[in-house]
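# Summary of the model geometry
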Amino acid sequence: MECVCPFCQSVSSRVHSHYNRIFQDLPIQDKKVIITLSNRKMFCDNPSCDRTTFAETFSFIDNKAKKTQRLKETILEVSLTQSSVSASCYLSKHVVDLKKSTICNYQKKADW
C-alpha cells in the first residue's frame, strides 16, 4: 500500500519501520476503548524533499493525538453544558479517561 509524503506530496511504497500507536476512541457497549494501531514509517524517495522518512497519517486522528476526532467532538459537546470539572467527572466515569485540563485545552483550540 502506498502513502503520500505530507511534506512534498510524492507517493512512496517503501516501508522504513513500524511502531505501535495507542489512542482512545468512543466507548462501545459502555466499555472504554483503547486502540493499538501498527503505524508505518515510510521512506520519501523524492530527492528534493527535506525529509527522508515520514509517518503514515489517518483521517480520523491528528498527528501525535491520543484521542480520535469524534471523541474530541463528544468531549467538547459535553463540556458545553457544564463546567469542565463536572464534565471531566462525567466523562471519566462513562466515556473516556481524561482530566479537567484536557477539556480546557480542547476548548481553547476549538473553532467555535
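Preceding this section is the structure that the text describes.
Figured I'd write up the structure that's included with this text.

Rules and cut-offs
Residues numbered from 1 in each chain as written. Predicted model: local features only at pLDDT ≥ 70, side-chain atom pairs only at ≥ 80, totals over all residues. Heavy atoms only, no water. Core = buried A, V, L, I, M, F, W, Y, C linked by side-chain atoms within 4.5 Å. Buried < 20%, exposed > 50% of the residue type's maximum accessible area, 1.4 Å probe, protein only. Helix = DSSP H or I, 4+ residues; strand = E, 2+ residues; numbered from the N terminus. Contact = heavy atoms within 4.5 Å. Axes fitted to C-alpha atoms, helices over the stretch in contact; angles between N-to-C directions. Left-handed = near helix turned anticlockwise from the far one by under 90°. Disulfide = S-S within 2.5 Å. Polar contact = N/O pair within 3.5 Å; in protein donor to acceptor, adjacent residues only side chain to side chain.

Turning our eyes to something else, we now look at the nonpolar core. Counting residues in each nonpolar core, the largest one holds 11 residues, listed as L71, I75, L76, V78, A87, L91, V95, V96, L98, I103 and Y106. When residues of this core are traced back to their parent elements, those giving at least two are α1 (69-80), α2 (84-94) and α3 (100-109). For this core, the leading source of residues is α1, giving four residues. Look past the residues within four positions of V78 in its chain and what remains in contact with it is A87, Y90 and L91. If you look at the next biggest cluster of nonpolar residues, it comprises six residues, including C3, C5, C44 and F54.

We now examine the packing of α2 against α3. Where α2 contacts α3, the axes come no closer than 8 Å and their chain directions differ by 115 degrees. For the crossing formed where α2 meets α3, the hand is right-handed. Counted together, S84, V85, A87, S88 and L91 of α2 and K100, I103 and C104 of α3 form the full contact between these two elements.

This paragraph deals with the state of the cysteines. Tallied over the entire structure, the rule returns zero disulfides. Here C8 stays unpaired: no disulfide links it, and the sulfur of C44, its closest cysteine neighbor, is 3.5 Å away. Classification of C8 as partly exposed rests on a relative accessible area of 24%. Its relative accessible area of 9% is what places C44 among the buried residues.

Within the fold, S88 resides in helix α2. Under the relative-accessibility criterion, S88 is labelled buried at 9%. Looking at S88, its side chain comes within polar contact range of the main-chain oxygen of V85, at 2.8 Å.

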